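# Structure at a glance
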Protein chains: 2
Amino acid sequence: MPTMICDTYGATEAVPWLPSPFQGSFMARGRGGYTHAMVVRLKDIAAELGVSVVTVSRALRNRPDIAEETKAKILERVKRLNYRPNLTARSLVTGRSSLIGLVVPDLIHPFFAEIAKGLSAKLREKEYYLIVSSSESDAQLEQDEIEHMLAHHLDCFVVASCQKDPESLRRIGEAGVPLVLIDRSFPRFACNFVGVDDYKVGELATEHLIAQGCKRIAHLRGPATNVGNHRAEGFCNTLRRHGMALPDGYIVACGEAADSDGERRGRRAMEEILALKPRPDGIFCFNDTVAMGAMDRAFEAGVRIPRGMAIVGCGNFHYSSKLQVPLSSVDQRSREIGERTAKMVMTLLGKPPSARPRNVVLAPELMVRASSRMN
Amino acid sequence: MPTMICDTYGATEAVPWLPSPFQGSFMARGRGGYTHAMVVRLKDIAAELGVSVVTVSRALRNRPDIAEETKAKILERVKRLNYRPNLTARSLVTGRSSLIGLVVPDLIHPFFAEIAKGLSAKLREKEYYLIVSSSESDAQLEQDEIEHMLAHHLDCFVVASCQKDPESLRRIGEAGVPLVLIDRSFPRFACNFVGVDDYKVGELATEHLIAQGCKRIAHLRGPATNVGNHRAEGFCNTLRRHGMALPDGYIVACGEAADSDGERRGRRAMEEILALKPRPDGIFCFNDTVAMGAMDRAFEAGVRIPRGMAIVGCGNFHYSSKLQVPLSSVDQRSREIGERTAKMVMTLLGKPPSARPRNVVLAPELMVRASSRMN
DNA sequence: GCAGGTTACGTTAGCGTTTACGAAGATTGC
DNA sequence: GCAATCTTCGTAAACGCTAACGTAACCTGC
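The following refers to the structure shown. (Residues numbered from 1 in each chain as written. Chains lettered and ligands numbered in written order. Predicted model: local features only at pLDDT ≥ 70, side-chain atom pairs only at ≥ 80, totals over all residues. Heavy atoms only, no water.)

Residues and elements named next belong to chain B. In this fold, isoleucine 66 is placed in the loop between helix 2 (53–60) and helix 3 (68–80). Judged by relative accessible area, which is 13%, isoleucine 66 ranks as buried. For the pair isoleucine 66 and threonine 55, spaced eleven residues apart in the sequence, the C-alpha separation amounts to 7.3 Å. Isoleucine 66 has contacts with Thr55, Arg58, Ala59, Lys71 and Ile74, leaving out every residue within four places of it along the chain. (Helix = DSSP H or I, 4+ residues; strand = E, 2+ residues; numbered from the N terminus. Buried < 20%, exposed > 50% of the residue type's maximum accessible area, 1.4 Å probe, protein only. Contact = heavy atoms within 4.5 Å.)

Neighbouring DNA strand C are 28 residues; A:Thr55, A:Thr70, B:Ser57, B:Arg61 and B:Tyr83 lie closest to it. A distance of 2.8 Å is found between a base nitrogen of DNA strand C and a side-chain nitrogen or oxygen belonging to A:Arg58. Here B:Arg41 contributes a side-chain N or O atom positioned 3.5 Å from a phosphate oxygen of DNA strand C. Secondary structure elements with two or more residues in the surface near DNA strand C: helix 2 (53–60) and helix 4 (87–94) of chain A together with helix 2 and helix 4 (87–94) of chain B. In terms of residues, the surface near DNA strand C owes the most to one element, helix 4 of chain B, which gives four residues. (Near = heavy atom within 4 Å. Polar contact = N/O pair within 3.5 Å; in protein donor to acceptor, adjacent residues only side chain to side chain.)

Surrounding DNA strand D, one finds 28 residues, the nearest of these being A:Leu42, A:Ser57, A:Arg61, A:Tyr83 and B:Thr55. Sugar plus phosphate: this is where 66% of the atoms of DNA strand D within 4 Å of the protein reside. Contact between DNA strand D and A:Arg90: a phosphate oxygen at 2.7 Å from a side-chain N or O atom of the residue. Taking B:Thr70, its side chain carries an N or O atom lying 2.9 Å from a phosphate oxygen of DNA strand D. Where the surface near DNA strand D is concerned, the elements lending two or more residues are helix 2 and helix 4 of chain A together with helix 2 and helix 4 of chain B. The element contributing the most residues to the surface near DNA strand D is helix 4 of chain A, with four residues.

All names here are of chain A. Counted by the stated rule, this structure contains 50 salt bridges over all chains. Taking the shortest distance from any N to any O, the salt bridge between arginine 171 and glutamate 147 comes out at 3.2 Å. On the criterion of sequence distance, the pair formed by arginine 171 in helix 7 (residues 167–174) and glutamate 147 in helix 6 (residues 139–150) is long-range, its members being 24 residues apart. Members of the salt-bridge network, linked through shared partners, are Glu48, Glu76, Arg77 and Arg80. (Salt bridge = Lys/Arg side-chain N within 4 Å of Asp/Glu carboxyl O.)

Here's what the structure looks like:
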């Protein structure tokens, strides 16, 4: 009975829509829906106290031009009646919604989940909220999502884009909404950006493998985006700087290598690697999922890790340290990306949209584990 | 240089706020902010075509009382001018925001991340959006978040609550907003609910351990919430049904056992287990994180898994299958919870808030892996 | 005692959209 | 051919809030 569904579970007693503590002095919100709940408005409080709506509004927003005494009286009533300002209405007149849009390729991916968490935590302090959308690494879907979210008049967009071409992202700017790209940037598209230096990622991993004594280092590379390209460039240049060879077939493309697919692609890539002669003794993988698949396949072929082949991944996913052979990995500083993004968003909200784009580029950090530790 | 931050990265060419395709026929949005972008309104389209605002609105909402010819003309212009309805304004008058609030204890936790993803995917189809908040398993924070989110006039709340007492959740209902609890319910609080049958979770895991030949089964139990209690009850009753003993010390409490903490608590719990005589030969753990910590500690003590001790976790986290000894785990059907929740939310939106609460209870599914497979 | 300032409010006019209602013109029925 | 309907549109009012301005009342200072 794998999908049994029942409809009686737990206690079924009273409905949670209890009668309100205040006695129905305010009636339902007219036309909109069926809402029979009592929603307190500025008008209600004003009427009760015999002051004007604006005065109540002033008290709530802590404006200077109101007597302390009146303010106290109003705030007391506000609290007692459990008044909540209608942010929708406020938004309509102020032009700010206190909502930030976050679009990422995959919400489950620990990297993006962590960013979302960091971002959300920081924004909360300023009473901003996050509208999230997972684009499933689908460029068209991402585009549609952004288009729809624009209608909600968000104050800022944060996007880890999977577009090939940033053209559709311009529309965000055209709508007058600030945009922060995270993790992924575009070659000829100047834009606020928070992420890690991916060139350094490649450099760091490769330097490490060289330091561990690897002589023939291969790279399972990612897609032809900025991220994939920069990591590959870092890899190549580091080899060159050390005067090391980069034979044909030492760079295997794994494509998108999204979470679900990465392992399979890693396995296939490793098969190509295993067929090489001489066989590489160090592998820098585009991400940890690819690395996991590659490692699995190497095990099956009887390769011992790290002695027979050292492996370094990328992303420092949560489970990487818990694998059979804990995986060395370049950390992407996701938490900090989230927090720094929040900070950037907050400053952006105060600036006119024409301001010069800002970049925050974090240095990656290598976590050395058993999969590449030689001593 | 662990935190190097630079400010020059990638190309810096043009600002993304390009001049709009339409020639400034509509000016900036007045008072609100500094937005110099041109936002097209109903009024603008109406003026261009010499019709009234309402007519344009009718065309956009596909109302019947409009001539096909006029509609076509309007829609063409709408498309050409790249008009987007202002959902904030619409929301103010209709009383619906097309926004759903999701509050979970931890966004990074794969279980909740998956729910968020499933929910978001289904809601997207109906052009609803998700406002998320991570409560960090802090009851007070959760309460504050909900309170703030209420001000945004969301259409529905989806909450995996970490309250001890559901009292604060009533306020959602009082505000006239539907509420769906997920994963966690409350004893005397009737409310819409989507989740897994936690009693069955305990039953399933315990039955399995018994079937594998375990004679002395212990439980590392979770918090004293519905979830923790139901799993423990399922565990106890199954043992009883099979006439098996449950000696003192065979149930060890691990408390909240949130993601970061769970491993540590698992380790500590396992220490208590290891001290028991006779030592248990099967452990049902509250969740996979606890199981991981427990397993680690057991390894250190030289226990062989599953022969010396079989272990079953709960949650079927992504990494559980990739551990040194792949962990058996009761799957929580997170993806389906997300999708079913979306479905419930959608039906709730059409109903008056007084409707009788509905329960969707999914059957858990056991994933048997090496940590408990005896044959 | 009065110009000039300050303090503490109220009045008015929106924000961009939808709903309710009304009215002109076209169409129908007999 | 005229009342009754249907079709297609417009006008007015509202949703809950805030910005801008106005205006009493009260303070100064000399």
